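These are the residues of each chain, in order.
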Amino acid sequence: MPSQTETQENSAAGVVPAAPWRIQAISVLPDFRLALTFRDGLTGIADFSAIKTTPNPGIYAPLADTDFFAQVQIELGVPTWPNGADFDPAWLHENLSAGKLWSVPY
């Protein structure tokens, strides 16, 4: 069953991510995909499955484990994982603006 994360305010700093390209919600889908919803209402699916075959994934190597991949959280509108890996939400927004399923290159 897919899991979903919603944006939470950073109450300690009083920061609320307001840029339209910040991620508001993420649902983890099968096969290393994420359903993304941005603050401006744009939605799309990002396919991260290439992480399983890339020769030098660096900080993204743990994402090749399905359980670890499912630990994605939203921090200030940015998708992040427990090891510090993240993806630029502006880049994700730009690439999903066509509303198509696409693959994240590694």
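Refer to the structure presented above.
These numbers come from a predicted model, not from an experiment.

## Details of helix H2 (residues 89-96)
No. 1: All buried positions along H2 are accounted for by Pro89, Leu92, His93 and Leu96. Looking straight down H2, one finds its buried side chains confined to an arc of 100 degrees; they lie on one side.
No. 2: The residue sitting at the N-terminus of H2 and contributing the capping side-chain oxygen is aspartate 88; that oxygen lies 3.0 Å from the backbone nitrogen of alanine 90.

## Some thoughts on the packing of aromatic side chains
No. 1: Scanning the entire structure with this criterion turns up seven aromatic pairs.
No. 2: Ring centres 5.0 Å apart and planes at 35 degrees place the aromatic pair tyrosine 60 and phenylalanine 87 in the tilted group. Here tyrosine 60, found in the loop between strand E4 (43-47) and helix H1 (66-69), pairs with phenylalanine 87, found in the loop between strand E6 (78-80) and H2; they are 27 residues apart in sequence, far enough to count as distant.
No. 3: Taking relative accessible area as the criterion, phenylalanine 87 reaches 9% and is therefore assigned buried.
No. 4: An angle of 35 degrees between the planes, with centres 5.8 Å apart, marks the rings of phenylalanine 69 and tryptophan 81 as tilted.

## Structural notes on the pairing of E4
No. 1: Across five bridges, strand E3 (residues 33-38) lies against E4 in antiparallel orientation. Residue pairing for E4: leucine 34 is matched across the bridge by alanine 46.
No. 2: Taking the residues that link successive antiparallel strands as the turn, the E3-E4 hairpin has four residues, and the phi of glycine 41 there is positive, at about 95 degrees.

## Some thoughts on the nonpolar core
No. 1: Ranked by internal contacts, the top residues of the largest apolar core, which has 21 residues, are Leu34, Leu36, Phe48, Phe69 and Trp81.
No. 2: Where this core is concerned, the elements lending two or more residues are strand E2 (23-29), E3, H1 and H2.

Cut-offs applied
- Residues numbered from 1 in each chain as written.
- Predicted model: local features only at pLDDT ≥ 70, side-chain atom pairs only at ≥ 80, totals over all residues.
- Heavy atoms only, no water.
- Buried < 20%, exposed > 50% of the residue type's maximum accessible area, 1.4 Å probe, protein only.
- Helix = DSSP H or I, 4+ residues; strand = E, 2+ residues; numbered from the N terminus.
- Arc of directions from axis to C-beta.
- Polar contact = N/O pair within 3.5 Å; in protein donor to acceptor, adjacent residues only side chain to side chain.
- Phe/Tyr/Trp six-rings, centres within 6.5 Å; stacked < 30°, edge-to-face > 60°.
- Pairing = 2+ DSSP bridges.
- Core = buried A, V, L, I, M, F, W, Y, C linked by side-chain atoms within 4.5 Å.

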